[in-house]
Amino acid sequence: MALNGRLEDMNLLEILQIVAFSKKTGTLDVRGARVNGSVLFRSGRLLCAFSTSTAAAVRVLAGKSLDPGARALLESQIRTSLQELVSMREGRFEFRLCPALPVQWGDLDASNFLLEEGLDPQEILLELARELDEARRDSTRLLETADVLDEVEPRSHAGDSSAEASLAGSGLTVLVVDDEPLVVQIVSQELDDAGCDVETASGAEEAIQVLSTLANRASSLFVLIDVGMPTSDGEGFDGGFEVIERLRGMGGTFSVLLMAESLSSEARARARTLGVKRIAFKPTLTKLDPDEYGADLRSFARALRRELSEIAPDAGERPDSASSAPNLNHDAIFEFLKTMTDRLSSPTSGITRMILRVASKYVERAVLFLVKDGRACGLAGAQLGRAEAAVLKEARAISFELQEAHPFAEVVYSRSPVRVAEGRELPIAGLEPGRSRERALFPLLHNHEVLAVLYCDNPATGAPLPKLAGLQLFLVQAGMALENASLHRKLRAMESGYSLEDQGPLTQELTPLRDAR
Amino acid sequence: MKEKRNHARLGPLVIKTAFSCGAERRQGYLTNVSQGGAFLAVDDPPALGTDVEIRASLPWRLGELRARTRVAWRSEGGGEGQKKLSGVGLAFHELSPEAHRLLDAYLKRFTELAARIEEHEQIEK
């Protein structure tokens, strides 16, 4: 019996430990859907490794004697290969013994290009583990910040008609600030129709004047502001930020929803610093056609209206008109899952929100708990019939230690979903139990570790939980999207420090290693 | 000085481990384990004799190992062999029956997997 199996059962970091411990000489082959690779060991030490993305560079070194420069390059390629292989979630592995060091490796002449002494496996294992932890921290940050600057989602016109969110009686006053009169006119009309008290301003000075009069009388104030206005010195076009800074300087509490045509990552960061939680992208493509632009702006205004109905700070226990009851129509849910999975391909923002939206299709309440330092901490939630802000507040107040023999710990250590039977206690007293009977916990996996746990139940109706396979699959995809996002950030960092000159003449000979295996 | 060991040591390995010394909570990596103790790789290692409580999530979904330990020796790193890494040699004490069970299960599983390679070698010969 050789050491072989599925990466789903044993990850590469664990396999490397076993082989290193055995102190054997042989080849570990790893094959996945998109990534393949091999690692060559002598007496448990790592002599060489390649993976799909490093094969070309490793091939260049085949048959050459290793001068210090080439050796450094090979070491770096081995490390990159291992990082790539360790991050694989699925695939097969097999370690095969070799009686002596191979002189051929695939179609490569392996006689010269192996590291003579090999790399210390302990050093490599620690390095890989630290890198995985760094990636996990990256992903945690992405999850934690994802809902800080969420994008207001434009919906189809058909979807618009069914979402006439009412804000009547919410006591909400909205100050709309934009230097584009048509935007101010259409947005303020829509919000007025929704039942808000609406004030308008076309620039910083006017906004400050209006706000000073509102500060005393508005029970609940929301500022809807365009970021792309001229600054007061006339030298910049991000005057919206300047206005927010000045308004913040006046004191008082109000929420801000930023409107923009586009927003750089620096601008997003600045928005977060200023306490902005939402951004809505204005239509731009139809600007040259007044009729179409007007229609797009009305659609945009309806999206803002829905958004305000979700996040209105005093909406407290008002039913959340934007969230709908779980919908288990198979075709509809398949289409929805497909759309959401596509959106995961660039998860620079909103991944927490995406998870909660998908969960809302299946259950009445979903709360995401981050797993960090042996604790689970509420991050965000969504609940049928309740405003997002209220659920968020409730979720964020929950934090507990993961105890042995506890359903949350069970999910973390088994990395598998757990259905929690009625009567079994959970340390989430902060969540209103309602009529929930059955509850389920799902892991969000990141590099084989549980990054977060999703709690699901039906507190409004007490209905049994449906089949949740689609949700589970989406969580797998979300975990992979987070891993990819982390890997992409790393690649970008590597690219920015990369120089062709560092690699000398080797870069002239790069050819793919298609036939190596 | 020659090390005195009563238990076979398993390594190299790497297990992410949360640990606390008094009120301080930190993270390190176990790089070898035996029935009697473990090496915890960590920068700025705790002092000799310090009581350290560890929590390590064991591979293969075995569960979380929680153990009370004491720093038996200390390495600043940069040396040879075990002194190459910065960290502390921990001696287990007051292991609960559950911790014993988990540790046994882990060591057994690890050696079984390594033995698969040995068995294969015997067949090849």
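Visitor: A description of the overall build of chain A should follow, citing residues and the corresponding values.
Guide: Helices and strands together make up the secondary structure of chain A, namely 15 helices and 19 strands. Of all 517 residues assigned to chain A, the portion counted as buried reaches 42%. Counting contacts in chain A only where the partners sit at least 6 residues apart, residues at least 24 apart contribute 70% of the total.

Visitor: Outline the interface of chain A and chain B, supporting the account with residue identities and numerical values.
Guide: Between chain A and chain B, the contact holds 25 residues from the first and 27 residues from the second. Elements supplying a minimum of two residues to the side of chain A that touches chain B: α1 (12-22), β5 (92-97), α4 (121-146) and α14 (407-414) of chain A. Residue contributions to the side of chain A that touches chain B peak at seven residues, all from α1 of chain A. The class makeup of the residues in the side of chain A that touches chain B is 14 nonpolar, five polar and six charged.

Visitor: Describe the nonpolar core, naming the residues involved and giving the relevant values.
Guide: Core analysis: the largest hydrophobic core is formed by 68 residues, its most contacted members being Leu-12, Val-19, Leu-28 and Leu-125 of chain A together with Leu-30 and Leu-40 of chain B. It is α1 of chain A that contributes the most residues to this core, eight residues altogether. Listed in part, the 49 residues of the second largest apolar core include Ala-395, Ala-440, Leu-444 and Ala-452 of chain A.

Visitor: Could you give an account of the sheet that holds strand β3 (residues 37-41) of chain B, naming the residues involved and the relevant values?
Guide: All names here are of chain B. Read around the barrel, six strands follow the order β1-β2-β3-β6-β5-β4 and close on themselves; strand pairing throughout is antiparallel. Between one strand axis and the next, the sheet turns through 45° on average, direction left out of account. In the sheet, strand β2 (residues 24-33) pairs with β3 via four bridges, with the strands oriented antiparallel. Directly across from Leu-30, in β3, lies its bridge partner Leu-40.

Visitor: Tell me about unusual backbone geometry, and please be specific about residues and values.
Guide: It is generally the case that most residues other than glycine have a negative phi and that most peptide bonds are trans. For the bond running from Gly-11 of chain B to Pro-12 of chain B, omega is 5°, close enough to zero to count as cis. Relative to the helices and strands, Pro-12 of chain B is located in the segment before β1 (15-21). The phi dihedral of Lys-23 of chain A is positive, around 55°, even though this residue is not glycine. Mapped onto the elements, Lys-23 of chain A comes out in the loop between α1 and β2 (26-31).

Visitor: Summarise the environment of Glu-199 of chain A; cite the residues concerned and give the values.
Guide: All names here are of chain A. Turning to its location among the elements, Glu-199 is positioned in strand β10 (residues 197-201). We classify Glu-199 as buried; it has 20 C-beta atoms within 10 Å. When the C-alpha atoms of Glu-199 and Val-174 are compared, they prove to be 6.2 Å apart, with 25 residues separating the residues in sequence. If sequence neighbours within four positions are ignored, Glu-199 has contacts with Thr-173, Leu-175, Val-210 and Leu-214.

The rules we used
Residues numbered from 1 in each chain as written. Chains lettered and ligands numbered in written order. Predicted model: local features only at pLDDT ≥ 70, side-chain atom pairs only at ≥ 80, totals over all residues. Helix = DSSP H or I, 4+ residues; strand = E, 2+ residues; numbered from the N terminus. Buried ≥ 20, exposed ≤ 12 C-beta atoms within 10 Å, placed from the backbone. Contact = placed C-beta atoms within 7 Å. Nonpolar A, V, L, I, M, F, W, Y, C, P; charged D, E, K, R; others polar. Core = buried A, V, L, I, M, F, W, Y, C linked by C-beta atoms within 7 Å. Pairing = 2+ DSSP bridges. Axes fitted to C-alpha atoms, helices over the stretch in contact; angles between N-to-C directions.

Take it as geometry only, folks, not as evidence of what the structure does.
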